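Examination of the molecular architecture
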Amino acid sequence: MTFDEIEAEISLLLTEMQNEPSDRHELYQRLREAISSMRAMGMPVPNDLIDLERALESAFNRDRTLDGTKS
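Computed from a predicted structure; not experimentally measured. (Residues numbered from 1 in each chain as written. Predicted model: local features only at pLDDT ≥ 70, side-chain atom pairs only at ≥ 80, totals over all residues. Heavy atoms only, no water.)

**A look at the overall build of the protein**
Going by this rule: Strands here are runs of E lasting at least two residues and helices are runs of H or I lasting at least four, both read from the DSSP assignment and numbered beginning at the N terminus. Note on contacts: a residue pair is in contact if any heavy atoms of the two residues lie within 4.5 Å. Accessible areas in this description were obtained via Shrake-Rupley with a 1.4 Å probe; residue shielding takes into account the shown protein chains only.
Along its length, the protein carries 3 helices and 0 strands. For the protein, the succession of helices and strands along the chain, N to C, is α-α-α. Here the analysis covers contacts within the protein between residues at least 6 apart in sequence; of these, 50% occur between residues at least 24 apart. Carbon and sulfur atoms form 49% of the exposed surface of the protein, whose accessible area is close to 4900 Å².

**Observations concerning the packing of aromatic side chains**
Counted only if it meets this: Two rings from Phe, Tyr or Trp (for Trp, the six-membered ring) form a pair when their centres are within 6.5 Å of each other. A pair whose planes differ by under 30 degrees is stacked, one over 60 is edge-to-face, and the rest are tilted.
All told, the structure shown has 1 aromatic pair when counted by the stated rule. Ring centres 5.0 Å apart and planes at 45 degrees place the aromatic pair Tyr28 and Phe60 in the tilted group. Of this pair, Tyr28 sits in helix H2 (residues 24-40) while Phe60 sits in helix H3 (residues 47-67), placing them 32 residues apart in sequence.

**Re the nonpolar core**
Just so we agree on the cut-off: Nonpolar cores were defined as sets of buried Ala, Val, Leu, Ile, Met, Phe, Trp, Tyr and Cys residues, with membership established by side-chain atoms within 4.5 Å. Only protein chains enter the accessibility calculation, which uses a 1.4 Å probe; a residue whose area is less than 20% of its type maximum is buried, one above 50% is exposed, and one in between is partly exposed.
Residues Ile6, Ile10, Leu31, Met38, Val45, Leu49 and Leu56 are the most contacted members of the largest nonpolar core, which totals 16 residues. Secondary-structure elements contributing two or more residues to this core are helix H1 (3-19), H2 and H3. Apart from the residues within four sequence positions on either side, Leu49 is in contact with Ile10, Leu31 and Ile35.

**Here's the deal with H1**
As a reminder, the rule being used: The span expected for a helix works out to 1.5 Å for each residue beyond the first. Throughout, the arc means that of the directions going from the helix axis to the C-beta atoms.
Helix length check: H1, at 17 residues, gives a terminal C-alpha distance of 24 Å against a target of 24 Å (1.5 Å per residue), a fit within 8%. The complete set of buried residues in H1 reads Ile6, Ile10, Leu13, Glu16 and Met17. Relative to the axis of H1, the buried residues are bounded by an arc of 125 degrees and lie together on one face. Turned more than 90 degrees from where H1 packs its buried face, Asp4, Gln18 and Asn19 sit exposed. Buried positions along H1 lie against H2 and H3.

**Details of the pattern of salt bridges**
For the record, the criterion: Any Lys or Arg side-chain nitrogen found within 4 Å of a carboxyl oxygen on Asp or Glu counts as a salt bridge.
Summed over the entire model, instances satisfying the criterion amount to 4 salt bridges. Measuring nitrogen to oxygen at the nearest pair gives 3.4 Å for the salt bridge that ties Arg30 to Glu9. With a gap of 21 residues between them, Arg30 in helix H2 and Glu9 in helix H1 connect regions that are remote in the sequence. One continuous salt-bridge network, built from bridges that share partners, spans Glu9, Glu26 and Arg30.

Take a look at the structure:
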């Protein structure tokens, strides 16, 4: 995947997150994959995306804890 393709995918994911919050987990996984692709290709990952990834991960961990599904 080229940088432009990854950038387009992330832009699409961010738009989908705003429009379809019920699919947050799937969108989060896709965002993580895009960021992982950037890292694997040695591309710099913007700090705002790193912050977003961490915030979403924290929210999902919190949700799992509240649901009692986290061990």
